[in-house]
Amino acid sequence: MENPTVFGKIIRRELPADIVYEDEEFIAFKDIRPRSKVHILVCPKEYIPTLADYPDTPEGALKLGKLMLTANRIARQLGLEGYFIRIHVGEKGGQEVFHVHVHLRSDA
Ligand code: 5GP
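Rules of the game
Residues numbered from 1 in each chain as written. Predicted model: local features only at pLDDT ≥ 70, side-chain atom pairs only at ≥ 80, totals over all residues. Helix = DSSP H or I, 4+ residues; strand = E, 2+ residues; numbered from the N terminus. Rg over C-alpha atoms; globule rule 2.2 N^0.38 Å. Buried ≥ 20, exposed ≤ 12 C-beta atoms within 10 Å, placed from the backbone. Pairing = 2+ DSSP bridges. Axes fitted to C-alpha atoms, helices over the stretch in contact; angles between N-to-C directions. UniProt positions renumbered as here; feature names shortened; annotations may be inferred. Contact = placed C-beta atoms within 7 Å.

As recorded by an unreviewed UniProt entry, the chain carries the name Purine nucleoside phosphoramidase and is attributed to Meiothermus taiwanensis.

What follows is the structure in structure tokens.
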């Protein structure tokens, strides 16, 4: 299924974004409304609406692990000494864009 979200559009280059990292599986770009000095969104390119949609299987664990490791890699590349990660899950968890993403934020 094609990813209908704004992040799908960014992945397909139908919408502009300030991309700070990209590889075959992941993309990361600056949040359009930053709430920290550094506020990056890290997404898998595969369309997965929420964290809760990762299957509880070795494959799901691998995908989720890679997402976190990618966030860590970007933090290292940006030279962040400290940062925090936030993931909103579901509308009631504050999620606005239904393509899974990690908020990588730092005020350090
Ligand atoms: P959520 O609440 O879903 O975890 O966070 C979605 C985030 O995406 C918000 O922080 C919002 O500012 C950001 N955002 C929404 N639309 C766009 C967009 O078109 N481009 C970028 N770069 N960020 C967006």
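K.L.:
Provide a residue-level description of the overall build of the chain, including the pertinent values.
P.N.:
Broken down by element type, the chain carries two helices and five strands. When the helices and strands of the chain are read in sequence order from the N terminus, they spell out α-β-β-β-α-β-β. On C-alpha atoms alone, the chain measures out to a radius of gyration of 13 Å, which is about the 13 Å that the 2.2 N^0.38 rule sets for 108 residues. With the principal axes as the frame, the chain shows a C-alpha extent of 35 × 30 × 30 Å. Across the 108 residues of the chain, 23% fall into the buried class.

K.L.:
So what about the sheet that holds strand β1 (residues 19-22)? Which residues, and what values?
P.N.:
Across the sheet, which stays open at both edges, the five strands sit in the order β1-β2-β3-β5-β4 with antiparallel pairing between neighbours. Edge positions in the sheet fall to β1 and β4 (84-86), since each of these pairs with one other strand and no more. Going from strand to strand, the sheet's axes swing by 20° on average, the running direction of each strand aside. Examined bridge by bridge, strand β3 (residues 38-44) and strand β5 (residues 102-106) share five bridges and lie antiparallel to one another. Bridge assignment links L41 to a residue of β5, and that residue is H103.

K.L.:
So what's going on with the pairing of β3? Which residues, and what values?
P.N.:
Within β3, five of the seven residues are buried, which leaves the element mostly enclosed by the surrounding structure. Bridge count for strand β2 (residues 26-30) against β3 is five bridges, and the pairing is antiparallel. Bridge pairing in β3 links K30 to I40.

K.L.:
Lay out unusual backbone geometry with the relevant residues and their values.
P.N.:
Excluding glycine, most residues fall at negative phi; most peptide bonds, likewise, are trans. Even without being a glycine, R13 presents a positive backbone phi close to 65°. For R13, the position within the fold is in the loop between α1 (6-11) and β1.

K.L.:
So what's going on with the environment of P34? Residues and values would help.
P.N.:
Note on placement: P34 falls in the loop between β2 and β3. C-alpha separation for the pair P34 and E46, spaced 12 residues apart in sequence, amounts to 24 Å.

K.L.:
Tell me about the UniProt feature "domain: HIT" (unreviewed entry) in the chain, residues and numbers included.
P.N.:
Under the UniProt annotation, the feature "domain: HIT" (unreviewed entry) is placed at residues 6-108. Helix makes up 25% of residues 6-108 and strand 23%, whereas the separation of the span's terminal C-alpha atoms amounts to 29 Å.

K.L.:
Can you break down the UniProt feature "active site" (unreviewed entry) in the chain residue by residue, with the values?
P.N.:
UniProt feature "active site" (unreviewed entry): in the numbering of this structure it lies at H101. Look past the residues within four positions of H101 in its chain and what remains in contact with it is F7, L41, V42 and C43.

K.L.:
Before we move on, could you go through the environment of A52 and cite the residues and values that matter?
P.N.:
If you trace the backbone, A52 turns up in the loop between β3 and α2 (58-77). Given 11 C-beta atoms within 10 Å, A52 falls into the exposed group. Distance in space between the C-alpha atoms of A52 and L69 is 18 Å, their sequence separation being 17 residues. Not counting residues within four places of it along the chain, the set of residues in contact with A52 comprises V89 and G90.

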